[in-house]
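A closer look at the structure
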Amino acid sequence: DIRGVIFDLDGVLTDTAEYHYLGWQKLADEEGIPFNRVANEALRGVSRRASLMLILGNRKYSEAQIQEMMARKNRYYIELLKNITQNDLLPGAIALLDELRQAGIKTAIGSASKNARQVVDRLGIADKVDAISDGYSVDKPKPAPDLFLYAANQLGIKPAQSVVVEDAAAGIEAALAAKMWAVGLGPVERVGAAHVVLPSLAGIKWADLQAKLNDAAN
Ligand code: G6P
Ligand code: MG
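This is a predicted model, so every value here is computed, not measured.

Right, let's talk about helix α6 (residues 116-123) for a bit. Looking at α6, one finds that the buried residues are A116, V119, V120 and L123. Considered in projection along α6, the buried side chains sweep an arc of 100° and stay on one side of the axis. Residues of α6 that are buried in the fold lie against α4 (63-81), β2 (106-110) and β3 (131-133). Following α6 by one or two positions, G124 adopts a phi angle in the positive range, close to 75°.

If you want it as structure tokens, here you go:
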């Protein structure tokens, strides 16, 4: 039976994807590299370094230049994060976190972002989750299972007792590689590999989610 739920952050509990996009767009503009919102879709849930690599394509840069560009984008992103408040929680997020706690189900954040803690604090949900796994917790980014395994370990539960909620293809892949239950938020073209696919967390009750996961198991 399920004992814990691990939530991705960006695109699941809040929509920082727009701020990541604005940071990368500014960097790309400064470097004279073509980039836009459509190209940005490929960066969803992708680590900082892998995101930059996708933007740079086959252009050649030194490691020092790569480091500088990652740091520069992060400065732009951190500046934009100052705009985040509780109002930036996506619909259904707080209700589900509160309901899970009420039901005795453990909760964790499993985000690849090194800024996850700051975002969680600004959203005001630090005391609503039992653990935070972030971009500092493990070396291998999603789609490797490492981050979610780390989170389950923090919660003291087994992978088979864990549910992952994700909006990115790489995140669903990571959850399945960890042998956990996967709930995908968004279009099936993106998260169709998950056991259960939902448009968003809006109006989602824990009992409904459990029933859907049970159906997927049988
Ligand atoms: C999450 C986001 C990605 C972001 C990554 C690293 O996975 O969905 O868009 O690139 O975290 O975030 P960071 O804040 O460490 O650059
Ligand atoms: Mg995400």
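Next comes the rest of the description.
Across the sheet, 6 strands lie side by side as β3-β2-β1-β4-β5-β6; this open sheet has parallel pairing. Strand pairing shows two members of the sheet lacking a second neighbour, β3 and β6 (196-198), which therefore form its edges. Taken over all neighbouring pairs, the strand axes of this sheet differ in orientation by 20° on average, direction set aside. Of the strand pairs in this sheet, strand β1 (residues 4-7) and β2 are connected by 4 bridges, and their pairing is parallel. Within β2, the position partnered with I6 by the bridge is A108.

Once that is clear, we can look at the site of ligand 1. Neighbouring residues of ligand 1: 15 residues in total, closest D10, R48, A112, S113 and K114. Split by residue class, the shell around ligand 1 holds 3 nonpolar, 9 polar and 3 charged.

Within this numbering scheme, the UniProt entry marks D8, D10, E166 and D167 as carrying the feature "binding site: Mg(2+)" (unreviewed entry). Over a stretch of 160 residues, the named residues converge on one spot in the fold, their C-alpha atoms separated by at most 8.9 Å. We classify D8 as buried; it has 28 C-beta atoms within 10 Å. Residue placement: D167 occurs in the loop between β4 (162-166) and α8 (169-177). With 25 C-beta atoms packed within 10 Å, D167 lands in the buried category.

Attention now moves to the environment of K114. Here K114 shows up in the loop between β2 and α6. Along the backbone, K114 and S137 are 23 residues apart, and their C-alpha atoms lie at a distance of 9.0 Å. Non-local contacts of K114, meaning those with residues more than four positions away in its chain, are made with D134, G135 and Y136.

Turning to the nonpolar core, a few remarks are in order. Formed by 47 residues in total, the largest nonpolar core has its most connected members in I6, F148, V163 and V164. Those elements that place two or more of their residues in this core are β1, α5 (93-102), β2, α6, α7 (146-155), β4, α8 and β5 (181-185). Here this core gets 6 residues from one element, more than from any other, and that element is α7. Discounting residues that sit within four places of it in the chain, I6 has contacts with A108, G110, F148, A151, A152, S162, V163 and V164. Formed by 9 residues, the second largest nonpolar core is a distinct cluster that contains L27, L43, I55 and M69.

Parameters at a glance
Residues numbered from 1 in each chain as written. Chains lettered and ligands numbered in written order. Predicted model: local features only at pLDDT ≥ 70, side-chain atom pairs only at ≥ 80, totals over all residues. Buried ≥ 20, exposed ≤ 12 C-beta atoms within 10 Å, placed from the backbone. Helix = DSSP H or I, 4+ residues; strand = E, 2+ residues; numbered from the N terminus. Arc of directions from axis to C-beta. Contact = placed C-beta atoms within 7 Å. Pairing = 2+ DSSP bridges. Axes fitted to C-alpha atoms, helices over the stretch in contact; angles between N-to-C directions. Near = placed C-beta within 6 Å. Nonpolar A, V, L, I, M, F, W, Y, C, P; charged D, E, K, R; others polar. UniProt positions renumbered as here; feature names shortened; annotations may be inferred. Core = buried A, V, L, I, M, F, W, Y, C linked by C-beta atoms within 7 Å.

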